[in-house]
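These are the residues of each chain, in order.
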Amino acid sequence: MQESDILKKLGQITQLLVSMMSVIALMICITVYAVYFHRNHDQNVNVASKDEPTDSDSLPKKAVLDIAGLADDPNIEIIATNCTACHSAKLVVQNRATREGWKSMIQWMQKTQNLWDLGKNEDIILDYLAKNYAPENKGRRVPLQNIEWYELTP
């Protein structure tokens, strides 16, 4: 067998090993995610089923706020559940609108993106969005202040 044939076979074996390792790594990630998701889901279900609030009630809320960057609110779970089922919370956070503007966006999502009827949650969501993500009268950045300018000489 020639040296070029040996190198070609070695390259093929290396590619096969890399592919197998990638598949194994992906399977490990999926398994870890599934275990983590089911564990947290079970904890959330248990917390939600209690009649009296406990310190653990704040864990899901805090996690939602930290991950999504949404403004804190007593109804944050309703907001996060409905708004992040289809898109990132960052899409909410980066936008600003009046209550009517948010309602128009929701109607557009219902008409074109298959958003479900929000029912009684619609007013809760609109109140939240209008309060926390209303239009702001400011530019993209704060104007520079207290700057010592110097002249450039040619």
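Residues numbered from 1 in each chain as written. Predicted model: local features only at pLDDT ≥ 70, side-chain atom pairs only at ≥ 80, totals over all residues. Heavy atoms only, no water.

## Topic: the overall build of the protein chain
Alright, step 1. When its secondary structure is counted, the protein chain shows six helices and zero strands.
Alright, step 2. Ordered by position in the sequence, the α and β elements of the protein chain form the string α-α-α-α-α-α.
Alright, step 3. A total of 154 residues make up the protein chain; the buried ones form 17% of that total.
Alright, step 4. Summarising the internal contacts of the protein chain: among those between residues at least 6 apart in sequence, 55% fall at separations of at least 24. (Helix = DSSP H or I, 4+ residues; strand = E, 2+ residues; numbered from the N terminus. Buried < 20%, exposed > 50% of the residue type's maximum accessible area, 1.4 Å probe, protein only. Contact = heavy atoms within 4.5 Å.)

## Some words on the pattern of salt bridges
Alright, step 1. Taken as a whole, this structure holds five salt bridges when the rule is applied.
Alright, step 2. One salt bridge connects Lys131 with Asp73, and the closest N-O pair in it is separated by 3.3 Å. In this pair, Lys131 is assigned in helix α6 (residues 121-132) and Asp73 in the loop between α2 (58-68) and α3 (76-83), connecting sequence segments 58 residues apart.
Alright, step 3. Overall, the relative accessible area of 8% leaves Asp73 in the buried class.
Alright, step 4. The shortest N-O distance in the salt bridge between Arg99 and Asp123 comes to 3.1 Å. Here Asp123 lies in helix α6 and Arg99 lies in helix α5 (residues 99-112), a separation of 24 residues in the sequence.
Alright, step 5. The network of salt bridges with common partners includes Arg99, Asp123 and Asp127. (Salt bridge = Lys/Arg side-chain N within 4 Å of Asp/Glu carboxyl O.)

## Looking at α6
Alright, step 1. For α6, with twelve residues, the first-to-last C-alpha span of 16 Å sits near the 16 Å given by 1.5 Å per residue.
Alright, step 2. Among the residues of α6, Asn121, Glu122, Ile125, Leu126, Tyr128, Leu129 and Asn132 are the ones counted as buried. Taken around the axis of α6, the buried residues stretch over an arc of 160°, which confines them to a single face.
Alright, step 3. Those residues of α6 that are buried lie in contact with α3, α4 (89-93) and α5. (Expected span 1.5 Å × (residues − 1). Arc of directions from axis to C-beta.)

## A closer look at the nonpolar core
Note that soluble globular proteins tend to have their nonpolar side chains buried in a common cluster.
Alright, step 1. Membership of the largest hydrophobic core comes to 17 residues, with the highest contact counts inside it found for Leu70, Val92, Trp102, Ile125, Tyr128, Leu129 and Tyr133.
Alright, step 2. Those elements that provide at least two residues to this core are α3, α4, α5 and α6. (Core = buried A, V, L, I, M, F, W, Y, C linked by side-chain atoms within 4.5 Å.)

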